[in-house]
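# Remarks on the overall topology
Residues per chain are reported as follows:
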Amino acid sequence: MESPPVTKRGGSSESGGSESGAEEKGCSRTRFEYFGWVYHLGTNSIGREFCHLRFLYIRGKYVMMYKRDPHENPGIKPIRRGAVGNTLMVEELGRRKVNDGDLYVLRFYNRLDEEKKGEIACATAGETRKWMEAFEHAKQQAEYELSQGSTRNRLSVEDEIDLEGRRPRVRRYAHDLKKLIRIGHGPESLVRRSSNLGKHQRPSEFMEGDAADAVEAHEWRCVRTVSGVRIFEDVSDHKPLSKTVLVKAVGVVDASPDTVFEVVLNLDRLRRYEWDSLTGDLEMVDCINGHSDVVYGSYDPRSLSSQKLMCCSYRWQSKRDFIFSRQWFRGQDGTYTILQFPAIHKKRPTKSGYRRIKINPSSWEIRNLRGLAGSSGDRCLVTHMLEIDSGGWFKWKCYQCSKFEKSIPYALLNQVSGLKAYISANPALTCESSTTLVDTKTSDVSGSISEFEDAEVAEEFYDAIADDSSSSSDDDDEDSDAELDSKGQRVKLKNVSWAIASLALKAKKAMEANNELDPNVDPVNLDSSEFCGSMQKGKGEGDSNCWTSPSGAGFKIRGKTYLKDSAKVAGGDPLLKLIAVDWFKLETSRSKVALHPKCLVQSETGKKLPFVLVVNLQVPAKPNYSLVLYYAADRPVNKNSLLGKFIDGNDAFRDARFKLIPSIVQGYWMVKRAVGTKACLLGKAVTCHYLRQDNFLEIDVDIGSSSVARSIIGLVLGYVTSLVVDLAILIEGREEKELPEYILGTVRLNKVRLDTAVPLEN
């Protein structure tokens, strides 16, 4: 595959908008432009797969695709163009082998019709993140214009066109000969301000990514510092006779999280030899999906001591080999997580001359530090955590044993030191890549955009990412137009803070949490014993396969002064009361469970409640499961409150504000690392559907709509009978009048058993 060219750097300016988008309340605004090279993936009309280099250009809500850079070829016409809508989901599919090279793939699909889909790809995970950010800004621009009541910008499904600028082909679309989608809403991971934006932004805008949003059970104590890397052990609830201990190595690396992630994931032997003393010889065994694989490795044990390693007797005459699986994903705050588990695979049986061992389960966390006080340039905090045998550990930390320094666990901990030194010694790694680039510049909104608003272009961007037989001739001549040699530097994306939902729903006065419900109405009695769900309510901490409702004290939410100092406070008691939980199993995933006769809100008691929030967590498995949570208000909801606007607002507002905070209170530490404790905007991570009727609002959370979420929930289900999970839901506050935040509802799930799920008939 030919290496793509770079883009020129356009004029740029900083946007210092706050998270609430206060900068956009004035009359004058800035239109951001994103442009750069991407790979367009698809299948043409004769079934041939293609991968073409294309120049993508985003200005405001308008998107255009070219064969060549329009900056260097004035007058060139786009092969696809349109405007951004609000029904698109952008999902990271992870890495994929394309023409003997690894690319990071983005999938676009219409959340109302997933048959309409298409794909583009980038050379690195960092570039993928930037394009997701660009489309998120385009979607915000589109929603901002809609919120201003401009009828000329309202989208119409009937006006579908392809991006070659041809007239609409309604018949072709109706017969499924052309599968188009409109690009717009919802990247899998909402790009936050901590992710590689302008360096002149206020430090407070980056603080949210620095700490967990739930109180963790771990208590870390530093026991040594080796080569500038701190080594910790977990001393929380330590048992003297325990055979294992949880340890981690933590170091600051002068590079972006994207760079460090690429280095850790790279299997190139010559590169790994420079920083990894143990797992340098790695080769791919199997690629499970874009976010997980299985690798095989070997090492020469002559540098290690003859002590017992990983429950395998040591033999000097044999080499060692191992197999482990890797899973990776990026959180909404830009933090990368890599999980590594010992594995077996039929393609790599034991072989003569090698002793098969098990590498310690471990996890990598790579978190951005840019924007913090005192930091300059790209920096990230790298944490490598693993569970090890406590035997030699306790002697080593007391300087009584040096044999531990010749062991596998110590070699794994030292990978952080090697990584830090390797990146410091190779400045080229931290330089901007010369491959697929994303550039940005700003322009005045009042400027002419007639080239984007051509009379024949419908006011909606439909994906030419999906192939069409009429356009196959444009895509098949890749050899003639792929010879591009433009040169330049990559520019960091600048921040756009439209905060569309806030502008569309301006509040007249600040509303505290106790004003979310109507204070002029007497509260009704909410006795959970009057309501029956298929999962029983727990009576004590020792109960299992049950639910309880903890207080919000274990969760951290935005305080009154969050916009000034990013301070978070402990949550209080939930505003809504959890009255019942249903645990269903289904052959196929089901939405609108509130309309089912078995549902609580269809009972006579449920119909008398002032308001019920129904949260349907759709769990993908075989069979599928639905965890349905019923939160009730004891008084009617104040229509002018943030909760009232969420209940009766549009889906875009709900997607932008509905937030969940997870916490694994008890369970396997690797599951805790996978789930994390950071708040997640569910509407940006997975597809959410909403049903507003009578006295209830149902939120259907389709966990299976995201490949990353499917991977994580699959891991959780494997350990679910030993897990105690806390969840908190809330509506994100983005303006001063909406702060402090408040906990909407909580639930604790105690060691749930899959076989107790109740069938839900159609």
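Structure shown above.
The structure contained in this document is the topic of the report that follows. Just so you know, these numbers come straight off a predicted model, no measurement behind them.

Here the structure, examined in full by the defined rule, presents 32 salt bridges. Note that Arg-59 is salt-bridged to Glu-33, the shortest N-O span being 3.0 Å. Residue Arg-59 is located in strand 2 (residues 49-59), and its partner Glu-33 is located in strand 1 (residues 30-43); the two are separated by 26 residues in the primary sequence. Across the pair, Glu-33 and Arg-59 agree in class, each one buried.

What follows is about helix 1 (residues 125-147). End to end, helix 1 covers 33 Å across 23 residues, agreeing with the expected 33 Å (1.5 Å per residue, within 8%). For helix 1, a buried count of 22 out of 23 residues is recorded, marking the element as mostly surrounded by other parts of the structure.

This part takes up the sheet that holds strand 25 (residues 658-666). The 5 strands lie next to each other as 19-30-29-25-26, forming an open sheet whose pairing is antiparallel. Only two strands of the sheet have a single partner each, and these edge strands are strand 19 (546-548) and strand 26 (680-681). Direction of pairing for strand 25 relative to strand 26: antiparallel, over a ladder of 2 bridges. By the bridge assignment, Lys-659 is partnered in strand 26 with Leu-681.

Here Lys-622 and Pro-623 are connected by a cis peptide whose omega angle stands at -5°. Among the secondary structure elements, Pro-623 is positioned in the loop between strand 23 (611-619) and strand 24 (624-633). With an omega dihedral of 0°, the bond running from Leu-739 to Pro-740 counts as a cis peptide bond. Even without a glycine there, the phi angle at Asp-694 is positive, about 45°. When you line up the elements, Asp-694 lands in the loop between strand 27 (687-693) and strand 28 (696-702).

Let us look at the environment of Leu-586. Along the chain, the position of Leu-586 falls in strand 22 (residues 577-586). Taking the C-alpha atoms as reference, Leu-586 lies 9.9 Å from Pro-620; in sequence the two are 34 residues apart.

Attention now goes to the nonpolar core. Core analysis: the biggest nonpolar cluster contains 64 residues, and Leu-613 and Tyr-631 have the highest contact counts within it. The element contributing the most residues to this core is helix 17 (residues 707-719), with 7 residues. In this structure Leu-613 touches Leu-576, Leu-629, Tyr-630, Tyr-631, Leu-697, Ile-699, Ile-729 and Leu-744, once residues within four positions along its chain are discounted. One finds Tyr-104, Ala-125, Val-223 and Trp-275 within the second-largest nonpolar core, a separate group that totals 47 residues.

Inspection of the entire model under this criterion finds 12 aromatic pairs. Relative to Tyr-336, the ring of Phe-261 lies with its centre 4.3 Å away and its plane at 15°, an arrangement referred to as stacked. You can see Phe-261 sitting in helix 3 (residues 257-265) and its partner Tyr-336 sitting in strand 14 (residues 336-342), a full 75 residues away along the chain. When sorted by exposure, Phe-261 lands in the same class as Tyr-336, which is buried. Geometrically, the ring pair formed by Trp-275 and Trp-364 is edge-to-face, given 6.4 Å between the ring centres and 80° between the ring planes. You can see Trp-275 sitting in the loop between helix 4 (269-272) and strand 11 (281-289) and its partner Trp-364 sitting in strand 16 (residues 362-368), a full 89 residues away along the chain. One exposure class covers both Trp-275 and Trp-364, and it is buried. Feature note: the residues Phe-35, Trp-37, Phe-55 and Tyr-57 constitute an aromatic cluster, connected by ring pairs. Its guanidinium or amino end placed over the ring of Phe-232, Lys-248 lies 5.4 Å from that ring's centre, counting from NZ or CZ.

Parameters and conventions
Position numbers for residues start from 1 in each chain and track the written sequence from start to end. A pLDDT threshold of at least 70 governs which residues receive local features in this predicted model, and a stricter bar of 80 or more applies before side-chain atom pairs are shown or counted, although totals over entire chains, interfaces and linings include all residues. Where side-chain values are given, they derive from all heavy atoms of the structure, hydrogens and water being excluded. One speaks of a salt bridge when a side-chain nitrogen belonging to Lys or Arg is within 4 Å of a carboxyl oxygen belonging to Asp or Glu. The helix and strand labels rest on DSSP assignments: H or I over at least four residues marks a helix, E over at least two residues marks a strand, and numbering proceeds from the N terminus. We call a residue buried when its accessible area falls under 20% of the maximum for its residue type, exposed when it is over 50%, and partly exposed in between, using a 1.4 Å probe and counting protein chains only. Here a helix's expected span is defined as the number of its residues, less one, multiplied by 1.5 Å. Two strands pair under a simple rule: DSSP has to find at least two bridges between them. Here, nonpolar core refers to any group of buried Ala, Val, Leu, Ile, Met, Phe, Trp, Tyr and Cys residues whose side-chain atoms link them within 4.5 Å. Two residues qualify as a contact provided that any one of their heavy atoms is within 4.5 Å of a heavy atom in the partner residue. For Phe, Tyr and Trp, where Trp contributes only its six-membered ring, two rings pair if their centres lie within 6.5 Å, and the inter-plane angle classes them as stacked under 30 degrees, edge-to-face over 60, or tilted in between. Remark: a charge is flagged as sitting over a ring if the NZ atom of Lys or the CZ atom of Arg is within 6 Å of the ring centre and within 35 degrees of the ring normal.

Distances and angles like these do not, on their own, reveal function.
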